[in-house]
Amino acid sequence: MKADELVAVSTSLGGDFKSIEPHLIRLEKHLTLRTYLAGYDMSDLDAKIWVAIKSNRVAVSFVRKGSYANLHRWFTYVEQVHPEIQTEVKAADSARKAKVQAASRAGASYNLALQETGKGVVTRFLPEPSGYLHIGHAKAALLSDYFAHQGYNGQLRLRLDDTNPSKEKEEFQDAIIEDLALMGIKPDTVTYTSDYFDHLYETCLTLIKSGNAYADDTDVDTMREERGKGIASKRRGRTIEENLAIFEEMKNGTEEGLKNCIRAKISVDNPNKAMRDPVIYRCNPNDPHHRTGTTWKMYPTYDLACPVVDSLEGVTHALRSTEYTDRNPQFQWFLDTLKLRQVYMWDFARMNFIRTFLSKRKLAKLVDAGRVWGWDDPRMPTIRGIRRRGMTIAALRDFILKQGPSRNVVSMDWSSFWAANKKEIDPVAPRHTAILKKDHVKVAIIGDEAPAEPRSEDKPLHPKNLSVGTKKVAFSKELILDQADAKSFKDGEEITLMQWGNAIVKSVASGDPITGLSCELNLKGDVRTTDKKVTWLSTQGQKLVDAELWDFDYLITKDKLEEDDDLEQFLTPVTATMEEAYCDEGMTKLKKDDIIQLERRGYYRVDKGYNEGDDKKIVLFCIPTGKNK
């Protein structure tokens, strides 16, 4: 092998055994009469290839078995004679262990004792492209990513489970890939269950021919009742020839085929109802598949496709939520019956939040009925929804990973979720000012210290983080402030005008609402002695910015929505409120997705910047902090 070929090999040893075996064979031949790969002494190429093999649990396990004598001789010799080469590998291993320990210290245990990790770790994330990713999917994706890329030097596969063309759209498929990228998840491989439709068809034929599957034309309601009561279908005894003929009718979408489905012949009355002859193929001739068009008139179900394709793709450890625990024996049945490579399962608890539901069917119902603005509505528990509400990706990742892969099912309050986000945004969020338009109060500044002409000063955007920058604050004799503040004042009371100084309330106009008042500046006054520190805006020396301040409530009134609950009965009547406000001129510079704090109001995400659109208005969404919604 030439030097450039060895360089190519050194970068190609990170995959599963199937992908690296040809390279190992080439190295075996190359080392037939050689002590080192290049030259007569230890070279950079020897080091790179040795480290690449050592870092891949699949490769190092195979080499140590001694199947390739020359490669085994070289690998062992380098290990013994050049101990310094192991420094890089040990450093990477130490870093991995440190990450596991750090996660455990943060409140989650990642010491799962996963089986046979020495042979390599390949995890997968398996979403159905029938909706946008929600907070529950985020946990599955992040945990699979963690064990593949941080817990072990493995691989993460993204496989879109597109077996139901009635629900799936290319829009959802693209959104899933985009959302994973936003969360910092980079799968090593992207595939589709539809890539394996031919193989799954042959697999089903194998099950039928071995007597392990049969065609059934029992109607849906009767089948559900029979499975529940442990009663055998009247079609369970069909002959293999009859089943094969009907499967062909299903493939062709004929009238007879459309009456039938294919069921795995596992058990009639197993206490675990997931084992009671599950449906593994069903017809759907009417909805074109978004990738395969009208090629197929029937499609495999999740129960068949999941174990078959997991094994076929080299998945070693499949992580899924505890709602699938009853299906684990079924998953194993398919592996055993079809004599497929073993895939190990780990179940983790779903993330459940109060007054929140994650059913894609019910979420889609809200979208289709116009109850929300779309899948990215800030009231939705989708990744896009909570990001639009103001959740940062860093906080999202940190919060979920701290929950860990525990199997304990709990319903969490959103407060801890948003409190974690506040820790991320508070140190860097610029501070601005907003005064509600409704019943705002005009303030006349009087006295010797009142500015003769409007002026402006540079003030820090963040009182504790000067690196955030500065803003222009306008000062003049004419201010506005909120009605609620004005109603709390008493004549003669000393207050603090934030970022200016103290002032004494001289007169408050009678009436409700209050329309105006006057204050005399007392800039020598001690701000520590006043009870009321109020926000204000000058109406001179700057152009006030029009803004919409939005806040949101939970979509449902019940802490936990049961499966048979009528969604309509528990929908919160009003879930979005908006107040119009004036803001300081510095907010014209804000862009969509910027996060700020409005003094004394809270944190907000910019949903539309001032210069985005013709209406010259900024739209802000209130971000919960853990103390409110």
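It should be noted that the structure appears before, not after, this text.
An account of the accompanying structure is given in this report. (Residues numbered from 1 in each chain as written. Predicted model: local features only at pLDDT ≥ 70, side-chain atom pairs only at ≥ 80, totals over all residues. Heavy atoms only, no water.)

Residue position: Leu549 is located in strand β23 (residues 545–552). Considering only alpha carbons, one finds Leu549 and Asp46, 503 residues apart in sequence, at a separation of 63 Å. (Helix = DSSP H or I, 4+ residues; strand = E, 2+ residues; numbered from the N terminus.)

Below, the discussion takes up empty space enclosed by the protein. The full count for this structure, using the stated rule, is 5 cavities of 30 Å³ or more. Estimates place the volume of the largest cavity at around 230 Å³. Looking at the largest cavity, it is lined by 17 residues, and the ones nearest its centre are Thr356, Arg379, Arg389, Trp414 and Tyr554. When contributions to the lining of the largest cavity are tallied by element, the ones reaching two or more residues are α16 (383–389) and α18 (414–425). Of the residues that constitute the lining of the largest cavity, the class distribution is 11 nonpolar, 1 polar and 5 charged. By volume, the second largest cavity is sized at about 180 Å³. Forming the boundary of the second largest cavity are 14 residues, of which Thr433, Val473, Gln499, Trp536 and Leu537 lie nearest the centre. When residues of the lining of the second largest cavity are traced back to their parent elements, those giving at least two are β16 (470–475) and β22 (537–538). Per-element accounting of the lining of the second largest cavity gives the leading share, 4 residues, to β16. Each residue belonging to the lining of the second largest cavity can be placed in one class, and the counts come to 5 nonpolar, 5 polar and 4 charged. (1 Å grid on protein atoms, 1.4 Å probe; cavity = no way out; pocket = protein on both sides within 12 Å on 5 of 7 lines; lining within 4 Å. Points joined across faces, edges and corners; volume = space filled by probe spheres on them. Nonpolar A, V, L, I, M, F, W, Y, C, P; charged D, E, K, R; others polar.)

At a minimum axis separation of 9 Å, helix α13 (residues 302–312) and helix α14 (residues 328–337) run at an interaxial angle of 55 degrees. Looking at the two axes, α13 sits oblique to α14. The element α13 and its partner α14 pack so that their crossing is right-handed. For the pair α13 and α14, the contacting residues are Asp303, Leu304, Cys306, Pro307, Asp310 and Ser311 in the first and Gln330, Phe331, Phe334 and Leu335 in the second. (Axes fitted to C-alpha atoms, helices over the stretch in contact; angles between N-to-C directions. Parallel < 35°, antiparallel > 145°, perpendicular 65-115°, else oblique. Left-handed = near helix turned anticlockwise from the far one by under 90°. Contact = heavy atoms within 4.5 Å.)

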